[in-house]
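The residues making up each chain are set out below.
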Amino acid sequence: MPIIDFRLRPPLKGFLNMIMYAGADRRDRITRQHGMEPAPSAQQKSMAMLLEDMDAAGVTTGVVMGRFSGVYGSVSNQDVADIVKAYPGRFIGIGSLDPSNRRKAIQQVDEALALGLKGINLEPGAYPLPLYADDRRLYPIYAYCEDKGIPVTVMAGGSAGPDLSYTYPVHIDRVAADFPNLRLAISHGAWPWVQEILHVAFRRPNLYISPDQYLCNMPGMNDYLIAANGFLSDRFLYASSYPFISVGGYADWFRKLPLKPELLDRIMYRNAAQFLGIA
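Presented here is an overview of the structure given in this document. (Residues numbered from 1 in each chain as written. Predicted model: local features only at pLDDT ≥ 70, side-chain atom pairs only at ≥ 80, totals over all residues. Heavy atoms only, no water.)

A count of helical and extended segments in the protein chain gives 12 helices and 7 strands. Against the compact-globule benchmark of 19 Å for 279 residues, the protein chain has a radius of gyration of 17 Å, which places it among compact chains. For the protein chain, the C-alpha atoms occupy an extent of roughly 45 × 40 × 35 Å along the three principal directions. Scored against the burial criterion, the 279 residues of the protein chain give a buried share of 59%. Sequence separation of at least 24 residues holds for 76% of the intrachain contacts in the protein chain that already meet a minimum separation of 6. (Helix = DSSP H or I, 4+ residues; strand = E, 2+ residues; numbered from the N terminus. Rg over C-alpha atoms; globule rule 2.2 N^0.38 Å. Buried < 20%, exposed > 50% of the residue type's maximum accessible area, 1.4 Å probe, protein only. Contact = heavy atoms within 4.5 Å.)

Listing the buried residues of helix 7 (residues 139-148) in full gives Y139, I141, Y142, Y144, C145 and E146. Where helix 7 is buried, its residues contact helix 6 (102-114), strand 4 (120-122), strand 5 (152-155), helix 8 (169-178) and strand 6 (184-187). Just downstream of helix 7, G149 is the residue with a positive phi angle, here 70°.

Within the fold, R90 resides in the loop between helix 5 (77-86) and strand 3 (91-94). The exposure class assigned to R90 is buried, which follows from its relative accessible area of 18%. If we ignore the near neighbours within four places in the chain, the residues touching R90 are L51, M54, D55, V59, T60, T61 and G62.

This brings us to the environment of M1. You can see M1 is positioned in the segment before strand 1 (4-5). M1 gets classed as exposed once you look at its relative accessible area, which sits at 53%. In this structure the C-alpha to C-alpha distance between M1 and L276, which are 275 residues apart in sequence, comes to 18 Å.

Written out as structure tokens, the structure is:
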């Protein structure tokens, strides 16, 4: 069974300057808070070891997302495209943009697609000037992506903003309602607002949920799993959030969860393929 890991940040290019690699002590502390051990490939910043871990875990493809951030560091769309090109078939790229200039942001969407990237990643609360996901300055981007059939990921959950209000699901609910034909995926699963985001997903059929590391031994885990076994089975996305959780460790842990066996292919591969338009 092929597996798509929907959030995987390899130790390459701009990712190495981000806090997840530059702040190794912080990363490893967070990993242990999830009850997991740090990935040796992350600690040694070894691409060869990461690929070995992916192979051993059965992860055929990792989704690499660009980032434009004031707090966590940035990864250019060119960096993402270069990673995809350097490892054919192993990675799928999603681009990012600077939303501060509407026309330039739309141009960046087109440039990302021209580089072969499959979608756009927005991280509203982490921008140099933090925004809520339903900020009207982002609406031209959502509208353009909806019209063009471009999937959009939004980081909303965990530490994705200066305070908890930036991850509150009502902002996502408004976006999903205002753009009902936009394929929208929420990285970090809007944790800790688990029941709230699951209610949004229940009423908005264009919303996909990727709890990634915040599924791993965290409060609310069972609620995510109930949804994945039920109404959200065709919109739940498997993701390790590497390097915070090791690719192999997450896969081994995930396969032991009380998920219906007949849903694993859908959750670990087909949902992501459908979202990305590669099914």
